[in-house]
Each structure stands twice: as structure tokens, then as C-alpha cells.
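Spelled out, the chains give:
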Amino acid sequence: MVDKSPTIGILALQGAVREHQRAIERCGAKALPIKRPVELALVDGLIIPGGESTTIGKLMAEYGFLEPIRRRAAEGLAVFGTCAGLILLAKETVEGSEHLLRLMDIKARRNAFGRQVDSFEADISIDAFEPPAFRAMFIRAPWIEDAGAGVRVLAGYNGRAVLVQEARFLACAFHPELTNDLRLHRYFIEEVMKGEVGCQATQNGRP
Amino acid sequence: MTEKGTFRVKSGLAEMLKGGVIMDVTNAEQAKIAEDAGAVAVMALERVPADIRAAGGVARMADPSIIEKIIDCVTIPVMAKARIGHFVEAQILEALGVDYIDESEVLTPADESHHINKWRFTVPFVCGAINLGEALRRIGEGAAMVRTKGEAGTGNVVEAVRHMRTINGEIARLKGLPEEELASAAKELRAPYDLVLEVAKTGVLPVVNFSAGGIATPADAALMMQLGADGVFVGSGIFKSEDPASRAKAIVLATTHFNDSKVLAEASKGLGDAMPGLEISDIPAEDLIQNRGW
């Protein structure tokens, strides 16, 4: 479908970078771990992986990533956040976290399902995906407490939103990179990245 | 449908810690310093290994009230140590809600033949290893994360390097063996056959492997990362140094940018004195912590 395989950056400050890289490559796209803000210019899409949101947020602020990511996002860069990445994409958290990208109109609750002993895996059904259900790993996971009118809830668990999309931003509370199910990565590459960008749509968001 | 404490959920948390630094802390103030410096998790214990080594006597699980205070003051995961084989200490730590238990040779072992049956717990475990056989035995018992032991409390990275190189070398050797020789390799390694088979096929450990025991500088941390560690534990190295906050931050920076020598040079500047180090050959063999565990 893609005439030229896109390059997906994976923010590589800490966390499940390798797993996302493998998933992206298995989808036929190129993966580029990103450790420096200048490298953002090389990618058509960005994944903010699972990890420790407090740590990744601090390191993003410390190493000067917040503004460059916001700028690229305003130009149309598609961004996919998983677990910690969801928190970092949120406009705010219930706990009032400091270092967030604030790109999505959602309010996240951190460790919403509890500590590690409460972490779990479960089948969830995702709108737009055919059965079977998606086996989702929730590890010290957040949920989406509130979402603005422009946010589409694509999946829930026990009445809580756990997968949402807002234009070219996609966020989930669980870890698709820890299973072999590539549907969500494919959805990001084939649907989210090709979606409309504000008023001036550009293919793949290259500047 | 919904399952807690599956192996994927346990090992998954370790995957989320990759590329990070886990720091030993003995109170809430230190935990806050560690979190502010960018630690991915803290290890709650009563005394850092250098002090345990100096004090002698029996080292046990930390007082639950210390662990609770640490849990309350940080948002990152909190780990805590139980003695080898002391499954009741582990039960207590699980009840306190710690996120990971380190069944650790740094504490005085409670059982000289058996480790904890870690499959019985919902909380995940990390265990130390000095070679591949020990790592696979611990995984066979249910450990969802491994750390090379090094020699805790010495500020001397030489044992950490030895253990990481040993494991890497043993994995490389397994990869090169024909399948019919893997059963006797498993026997030599004293490791479960199915895990030996898996490692020979994939060329990597089935769980995340951090480096521990002797890391005292940003360069030490980057050295272990370049040797293939998924992340590092820093025990005495931070809070036994002259300027813990700056050193903690510098070690985090060096762990993220372990392949960037310019960043490493910057990170290594002006940190004050590192912890005083110990020469391994000056430690009597019976006092070596790495030999605990079976």
C-alpha cells in the first residue's frame, strides 16, 4: 500500500524500545531509535514507548525533547504513545504531572489499575479490528479519566477508556509491543499516519 | 480472561525498566533524590551493601515501615530485597505492595540449598547470577529478571565485567553447538534443558538482564551497557559518594547515552569523589558475596 516504506522513530531514552522496533520492522516499515532531538527530522511517525513515565518525562525535559516534538507534531508528525507514552501525550494527569507533551485532549490517571501485583493481561475488543480480541498487557497501567470531544475511544476495559485516537495521535494504556499481535502498529502506520493533518494535509508529514 | 501475575506481566515490567538505572535507597529522602535524578526504580533496603559489608552480622529484609515510606514518596516502581530462600520475607514484601522482589545474595542467605519458589508469587522477582547456568536456574524457579552479581559494596566494577562477559560467552558457545550436544551442555550448566534450548535458538537470555555490583561512575555504567547489559543497578555507588544527586544524574545520562563518548565525557566531569573502592583480592574468599546462591 505504501509506495515508499515510512520511517518510524522510537523515542529511545528508556523502556521497551527494542520491542517496538521489532514490531515496526515486522510491519515492513523502517524503525529508528531516537536519542537526540535533531533525529526527529528524519522520521515520518514517532512512537513513545512504554517505560517509566516519570523518568522519560524528566529525561525529555532535561535533554530538550519537549519543544521539538511539539513543533514536529504541529507540522503533522503522527505520534503513538503506549502506557508511559499515553501519559506523556496527555494534556494533564489526575496527579498533576510536570513534564508532559500535552498533545492530546485527554486526562490520564497514572497507575490507575494499581501497583505491579495488580498488573494483568486481558482480551479487549478494538473498534475497527476484526476478531479475535486483542490480548492486552496492562503493567502498572494508566487509564483515560476524561477525554475531549475530538477524541475517539477505540477500546475500553471495565468501562475505562484504554485506547484513544485524536487526529494523528494514538494512545493506549497497554503494551501491544509485548505480544506478537501487530494490528495496532499496522493501524498506526496505515491509518493514523495517513490521516488528515489540520488544514494542510501532507503525505507522511515530511517537512 | 483477565489474569494477574502471568510470566509476561512479570517480565514485562522488567522490559519497561530497560535502559534505566535502579538505585539503592535507605530512606524516603534518598528515594526522592533518586527519582529526581531520573532513576527508573528504587531498591529499598536498610543499609547499602558497603555498610552491610562493613557491619558484618546477619543482614535481613528492611523494616516494612521504611519500605512503606519509600512507596509513598515516589511514583516509580519500588523494589525490595529478601534473603535467599526466605519465602516469608518475600510474602511480607508482596503484602506491602512492592513492585519487584530481589532475592538477593547481599543479604545473609536463609536457606543454603534452596531458593524461593517464585512461581507461587504474583509479584515478580529479580535474582543475581554469575554465569549462565545460575541465571537459567533462577529463571527456572520463576525469576522474571536477572542481574549479574558483580561484587556488591566494593565500588570495583571488575566482577560485574567478569560476570557479564561470562554469560555472553556461554550464550555464544550454546549458539554454536549442534542440537544433540545441548542436553549435555544443560547438564554441565546445571540448567533446565528447555531454557538451554531456548537460549541456543534465540542467542539471548529469555528475560531482561541488568548489571549490578561495583558500578560507581558514569563510565562504569556505560561500560556495562556496552558489554550488553539491559540497564544497571547502582548500590553503594551513589549514596556513598561525595555528591549523590549529581552523580545519580550523571549515571542516568551515561546509561541512556552509553554509546556517545562526548556525552560520557561531559557526564563524568566535576562529580566530586566516587565511593572509596575495594580491591577484590584483599577480600577473604569466604567474604565474597557473589558466591552466595546455588
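Here goes a summary of the coordinates provided. (Residues numbered from 1 in each chain as written. Chains lettered and ligands numbered in written order. Predicted model: local features only at pLDDT ≥ 70, side-chain atom pairs only at ≥ 80, totals over all residues. Heavy atoms only, no water.)

Per the secondary structure count, chain A includes 5 helices and 12 strands. Rg of the C-alpha trace for chain A: 15 Å, near the compact-globule value of 17 Å for 207 residues, within the 12% margin. Scored against the burial criterion, the 207 residues of chain A give a buried share of 62%. Across chain A, every contact between residues at least 6 apart in sequence was considered, and the portion connecting residues at least 24 apart equals 65%. Of the roughly 8,000 Å² that chain A leaves accessible, carbon and sulfur atoms contribute 48%. Mean positive and mean negative side-chain charge positions of chain A (26 and 26 charges, respectively) differ by 4 Å. (Helix = DSSP H or I, 4+ residues; strand = E, 2+ residues; numbered from the N terminus. Rg over C-alpha atoms; globule rule 2.2 N^0.38 Å. Buried < 20%, exposed > 50% of the residue type's maximum accessible area, 1.4 Å probe, protein only. Contact = heavy atoms within 4.5 Å. Areas by Shrake-Rupley, 256 points an atom, 1.4 Å probe, with all protein chains shown as cover. Lys, Arg positive; Asp, Glu negative; His and termini not counted. Charge placed at Lys NZ, Arg CZ, Asp CG, Glu CD.)

With that out of the way, let us pick up the pattern of salt bridges. One pass over the full model with this rule turns up 34 salt bridges over all chains. The partner of A:Glu145 in a salt bridge is A:Arg109, with the nearest N and O atoms 2.9 Å apart. Of this pair, A:Glu145 sits in strand β9 (residues 143–147) while A:Arg109 sits in strand β6 (residues 104–109), and the two are 36 residues apart along the sequence. Linked through salt bridges whose partners overlap, the residues forming this network are B:Glu103, B:Lys118, B:Glu134, B:Arg138, B:Glu141 and B:Lys149. (Salt bridge = Lys/Arg side-chain N within 4 Å of Asp/Glu carboxyl O.)

Attention shifts here to the sheet that holds strand β1 (residues 3–4) of chain B. Strand pairing within a sheet occurs via backbone hydrogen bonds; the two strands may be parallel or antiparallel. Sheet architecture is open: 3 strands sit in the order β8(A)-β7(A)-β1(B), paired in antiparallel fashion. Taken across any chain shown, the strands that pair with only one partner, and hence form the sheet edges, are β8 (134–138) of chain A together with β1 of chain B. Relative to β8(A), strand β7 (residues 120–124) of chain A is paired through 5 bridges, and the arrangement is antiparallel. By the bridge assignment for β8(A), A:Asp123 is matched with A:Arg135. (Pairing = 2+ DSSP bridges.)

All right, on to helix α5 (residues 87–96) of chain B then. Each α-helix winds once per 3.6 residues, and so residues spaced three or four apart point in a common direction. All names here are of chain B. Those residues of α5 that fall on the buried side of the exposure criterion are Glu89, Ala90, Leu93 and Leu96. When α5 is viewed along its axis, its buried side chains cluster within an angular range of 120 degrees and face the same direction. As for α5, its buried residues are in contact with α4 (64–73), β4 (78–83), β5 (100–104) and β6 (125–129). Of the residues flanking the end of α5, it is Gly97, one or two places downstream, whose phi is positive at about 90 degrees. (Arc of directions from axis to C-beta.)

The terminal C-alpha atoms of helix α7 (residues 158–176) of chain B, which comprises 19 residues, lie 27 Å apart, in line with the 27 Å expected from a rise of 1.5 Å per residue. The complete set of buried residues in α7(B) reads B:Glu159, B:Ala160, B:Val161, B:His163, B:Met164, B:Ile167, B:Ile171 and B:Leu174. (Expected span 1.5 Å × (residues − 1).)

Attention now moves to the packing of α4(B) against α5(B). Residues and elements named next belong to chain B. Here α4 crosses α5 at 35 degrees, and the two axes come no closer than 11 Å. Along this stretch, α4 crosses α5, giving a crossing that reads as right-handed. On α5, the residues that touch Pro64, Ile67, Glu68 and Ile71 of α4 are Ile92, Leu93 and Leu96. Within the contact of α4 with α5, the residues separate by chemical class into 6 nonpolar, no polar and 1 charged. (Axes fitted to C-alpha atoms, helices over the stretch in contact; angles between N-to-C directions. Left-handed = near helix turned anticlockwise from the far one by under 90°. Nonpolar A, V, L, I, M, F, W, Y, C, P; charged D, E, K, R; others polar.)

The interface is formed by 38 residues belonging to chain A together with 42 residues belonging to chain B. Both sides together, the interface formed by chain A and chain B hides about 3,200 Å², and carbon and sulfur atoms give 53% of it. Taken as a group, A:Arg115, A:Gln116 and A:Val117 account for 19% of the area that chain A buries against chain B, more than any other trio of residues on that side. Across the contact surface, chain A and chain B share 9 salt bridges. Here B:Asp99 and A:Arg115 are joined by a salt bridge, their closest N and O atoms 2.5 Å apart. The interface formed by chain A and chain B includes 22 residue pairs in polar contact (both at pLDDT 80 or more). Among the secondary structure elements, those contributing two or more residues to the side of chain A that touches chain B are α1 (17–26), α2 (53–62), β7 and β8 of chain A. It is α2(A) that provides the largest number of residues to the side of chain A that touches chain B, a total of 5 residues. Broken down by class, the residue content of the side of chain A that touches chain B amounts to 12 nonpolar, 11 polar and 15 charged. (Buried area = accessible area lost by both parts, 1.4 Å probe. Polar contact = N/O pair within 3.5 Å; in protein donor to acceptor, adjacent residues only side chain to side chain.)

Structurally, B:Gln30 can be placed in helix α2 (residues 28–37). Aside from chain neighbours lying at most four places away, what touches B:Gln30 is B:Val25 and B:Phe239.

Let us now look at empty space enclosed by the protein. Tallied over the full model, the rule gives 3 cavities of 30 Å³ or more. Looking at the largest cavity, it is lined by 22 residues, and the ones nearest its centre are B:Pro49, B:Ala152, B:Ala212, B:Gly213 and B:Gly235. Residues of the lining of the largest cavity, tallied by class, amount to 8 nonpolar, 8 polar and 6 charged. By volume, the second largest cavity amounts to about 130 Å³. Forming the boundary of the second largest cavity are 16 residues, of which A:Gly51, A:Glu52, A:Ser53, A:Asn111 and A:Arg140 lie nearest the centre. Going through the elements one at a time, α2 and α4 (84–89) of chain A together with α1 (7–17) of chain B are the ones with two or more residues in the lining of the second largest cavity. Considered class by class, the residues forming the lining of the second largest cavity number 7 nonpolar, 6 polar and 3 charged. (1 Å grid on protein atoms, 1.4 Å probe; cavity = no way out; pocket = protein on both sides within 12 Å on 5 of 7 lines; lining within 4 Å. Points joined across faces, edges and corners; volume = space filled by probe spheres on them.)

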